[in-house]
Amino acid sequence: MRIGGTGIIGGGLGGLAAACTLAARGHKVTLFEKNAWLGGKAAVLEEQGFRFDMGPTILTMPRVLERIFAEAGRNLSDYLDLVRLDPQWRCFYDDGTVLDLRNDPAQARQAIGAISPQDQKGFDDFMAVARRLADVSDKFFFWKSVEDLKDTMNLKANMSLETLSDVLSLRMHRTVAGQIKRNVADPRVRQMLEHFIQYVGSSPLGAPAVLCGIAQMQLGEGVWYPMGGTRAVPLALTRLAEELGVDFRTGVDVTRIHTEDGQAKALVTAEGERFEFDRVVSNMDSVRTYKELIGGTAWNSFSRGRTREAACSGVVLYLGLSKAYEHLAHHNFVFSRDPEEEFGAIYDKGEPAPDPTAYIAAPARTEPGVAPEGGEALYILVHTPYLRDRHDWSKMLPAYRRTILDKLARAAGMGDLEERIVVERTLTPQDIHDRYKVLNGAIYGLASHGKVLGAFKPGNRSRQVKGLYLAGGSAHPGPGMPMALMSGWIAADTLHQDATSNAAHVAAQ
Ligand SMILES: Cc1cc2nc3c(=O)[nH]c(=O)nc-3n(C[C@H](O)[C@H](O)[C@H](O)COP(=O)(O)OP(=O)(O)OC[C@H]3O[C@@H](n4cnc5c(N)ncnc54)[C@H](O)[C@@H]3O)c2cc1C
């Protein structure tokens, strides 16, 4: 059947952002989502009066959402109630130290000084580097389709002292951990700063220093909580998309992108239906899009010369508690005893860390209604390696759950956790793999490892298939809510540019 316009595969944040942007610019949009809900990993679980965000919980850079709503002349604040959090994170260490990452940079500096006076200056120096790198990212990486260095800056045409200084500031010879080590001495402060890179599910020991810019994107722009939970973000985007006329088809699994003469022409579903479009946006994992939906020479050309490694996966425990832990902030990190051991296990050996870092969300601090009165809707995430053939999480989960609870008892004063549990649900790497059709259970798309190329992901305009665009955490500019949203905007903007320049070309003939 010919539908025409743009067909979008997947209704995650990237797919929804692309749908809204395209529809706002006058395109006809049909979106297919295999699950019954829209929002992908930003899903919700409700049980016995507890409400849990199932995936993302930390929202940064709301300006990306603002830009998407502005495409349609709308104000984000009419769709989402965002609250800025302070502290941004509460950090618990094995030696009993508790360090708050405060929203106000001066207070953050002061709190760091209270546990390590000599690192106040180091923190300033690190943040100066982070600011510079965030600026360079804004200038060269963001809001446009980028696949490699030559897409970021035209060195031959634009070489100037300023560009040269920007290139040097990228510190291509250094990793995130290397940069932090230069600035900060205290291992606890280092461990906290190294954890920004966990937003892209990669090791600070392998990720390029340019990703230190993430620290500025959080500390400079804040951590935000959408009232109603992170789930409120896809709900707001869905509302906007519906107002703009997007046709949503949930419960439809796309199994093939039909191409003719190297051009995307139609989508084929698991039911065998075929829908013809002028252009296609895939919000499915980029590697799996090429491998499973297209194959042939496009897949060979995409995969040639580069192994795309999945980012980390994770285990989530959703615990409804009869009694709250008032000493927790909204976002908490309970750090591992030894980051090298932890990152070595997850990223080098491909095994769960023996003593992991646990992230805990306790959203009742901001929105008491997430749990029955006095209770707590606790979300505990531990990063694990992406799925290997040898991993059977149905067998591994019980022992690893024990490891996590023991860690919380030791380092976060939660020894009586099991006595408080009234609801318990889990999400394993295998569940993530099956629910969202990602690469090897990855939470954050593709790993960002490699000092020079680590920051680059597949571009949003396919180089292999005409009329195909990629949106989502495994395409440029990468994973995490703001980046996946930006990815959708870029895919739509690039598609729009191509469609309007083609139309102008045809009109001129
Ligand atoms: C446990 C967890 C915690 C996280 N924490 C944070 C956090 O605190 N902060 C943060 O910024 N980010 C976090 N993230 C990452 C963030 O959720 C993702 O980067 C982002 O949501 C990915 O969006 P996406 O557009 O790539 O789509 P996804 O969410 O991956 O959605 C893709 C959608 O496409 C659908 N689909 C795939 N293939 C097909 C097909 N063939 N046919 C039809 N439909 C298809 C899938 O069903 C899915 O709904 C977390 C993720 C997880 C899982």
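See above for the structure.
Owing to the predicted nature of the structure, the values given are computational and were not obtained by experimental measurement. (Residues numbered from 1 in each chain as written. Predicted model: local features only at pLDDT ≥ 70, side-chain atom pairs only at ≥ 80, totals over all residues. Heavy atoms only, no water.)

S.K.: Sorry, what's going on with the overall build of the chain here?
M.R.: For the chain, the helix and strand inventory stands at 18 helices and 20 strands. Relative to the 2.2 N^0.38 estimate, which gives 23 Å for 509 residues, the radius of gyration of the chain is 22 Å and therefore close to what a compact globule would have. If one aligns the C-alpha atoms of the chain with their principal axes, the spans along those axes are about 70 × 60 × 45 Å. Classification of the 509 residues of the chain by burial places 61% in the buried group. When contacts within the chain are restricted to residue pairs at least 6 apart in sequence, long-range pairs at least 24 apart make up 73% of them. Here the chain holds 58 positive side-chain charges and 61 negative ones, and the gap between their average locations is 5 Å. (Helix = DSSP H or I, 4+ residues; strand = E, 2+ residues; numbered from the N terminus. Rg over C-alpha atoms; globule rule 2.2 N^0.38 Å. Buried < 20%, exposed > 50% of the residue type's maximum accessible area, 1.4 Å probe, protein only. Contact = heavy atoms within 4.5 Å. Lys, Arg positive; Asp, Glu negative; His and termini not counted. Charge placed at Lys NZ, Arg CZ, Asp CG, Glu CD.)

S.K.: How do you make sense of the site of the ligand when you look at a structure like this?
M.R.: Around the ligand sit 37 residues in total, of which Gly14, Glu33, Lys41, Gly473 and Met481 are the nearest. Here an oxygen atom of the ligand and a backbone polar atom of Gly473 are 2.8 Å apart. The separation between an oxygen atom of the ligand and a polar main-chain atom of Gly480 is 2.8 Å. Computed on the free molecule, the ligand has an accessible area of 1,000 Å², of which 98% lies beneath the protein chains in the complex. When residues of the shell around the ligand are traced back to their parent elements, those giving at least two are helix 1 (13-24), strand 2 (29-33), strand 18 (376-384), helix 17 (429-436) and helix 18 (481-508). With three residues, the single largest contributor to the shell around the ligand is helix 18. By residue class, the composition of the shell around the ligand is 19 nonpolar, twelve polar and six charged. (Near = heavy atom within 4 Å. Polar contact = N/O pair within 3.5 Å; in protein donor to acceptor, adjacent residues only side chain to side chain. Areas by Shrake-Rupley, 256 points an atom, 1.4 Å probe, with all protein chains shown as cover. Nonpolar A, V, L, I, M, F, W, Y, C, P; charged D, E, K, R; others polar.)

S.K.: Whenever I open this one, the pattern of salt bridges confuses me. Can you help?
M.R.: Counted by the stated rule, this structure contains 34 salt bridges. Between Asp253 and Lys437 there is a salt bridge, with its nearest N and O atoms 2.9 Å apart. You can see Asp253 sitting in the loop between strand 10 (247-250) and strand 11 (254-260) and its partner Lys437 sitting in the loop between helix 17 and strand 20 (468-470), a full 184 residues away along the chain. Given the relative accessible area of 24%, Asp253 is considered partly exposed. Salt bridges sharing common partners tie together Arg401, Arg402, Asp406, Glu418 and Glu424. (Salt bridge = Lys/Arg side-chain N within 4 Å of Asp/Glu carboxyl O.)

S.K.: I keep staring at the pairing of strand 8 (residues 98-101) and nothing clicks. Help me out?
M.R.: On a regular strand, one side chain projects to one face of the sheet and the next to the other, so that they alternate. As defined by bridge partners, strand 7 (residues 89-92) adjoins strand 8 across four bridges and the pair is classed as antiparallel. Paired with Cys91 across the strands is Leu99, a residue of strand 8. Counting the residues in the hairpin turn of strand 7 and strand 8 gives five residues, including Gly96, whose phi is positive at 95 degrees. (Pairing = 2+ DSSP bridges.)

S.K.: Explain helix 2 (residues 62-71) to me, please; I cannot follow it from the model alone.
M.R.: Because an α-helix packs 3.6 residues into every turn, residues spaced three or four apart end up facing the same way. Of the positions making up helix 2, those classed as buried are Pro62, Val64, Leu65, Ile68 and Phe69. One face of helix 2 carries all of its buried residues, which in axial projection span an arc of 150 degrees. One or two steps after helix 2, the chain reaches Gly73, where phi turns positive at roughly 70 degrees. (Arc of directions from axis to C-beta.)

S.K.: Before we go on, may I ask you to explain the sheet that holds strand 16 (residues 331-334) in this structure?
M.R.: With mixed pairing, the seven strands of this open sheet are ordered in space as 8-7-16-17-18-15-19. The sheet is open, and its two edges are formed by strand 8 and strand 19 (421-427), each paired on a single side. Between one strand axis and the next, the sheet turns by 20 degrees as a mean value, whatever way the strands run. As judged from the nine bridges shared by strand 15 (residues 313-321) and strand 18, these two strands associate in the antiparallel manner. Note on strand 18: the bridge partner recorded for Ser313 is Thr384. Packing against the sheet, helix 17 makes contact with strand 15, strand 18 and strand 19, and its axis sits at approximately 100 degrees to strand 15. (Axes fitted to C-alpha atoms, helices over the stretch in contact; angles between N-to-C directions.)

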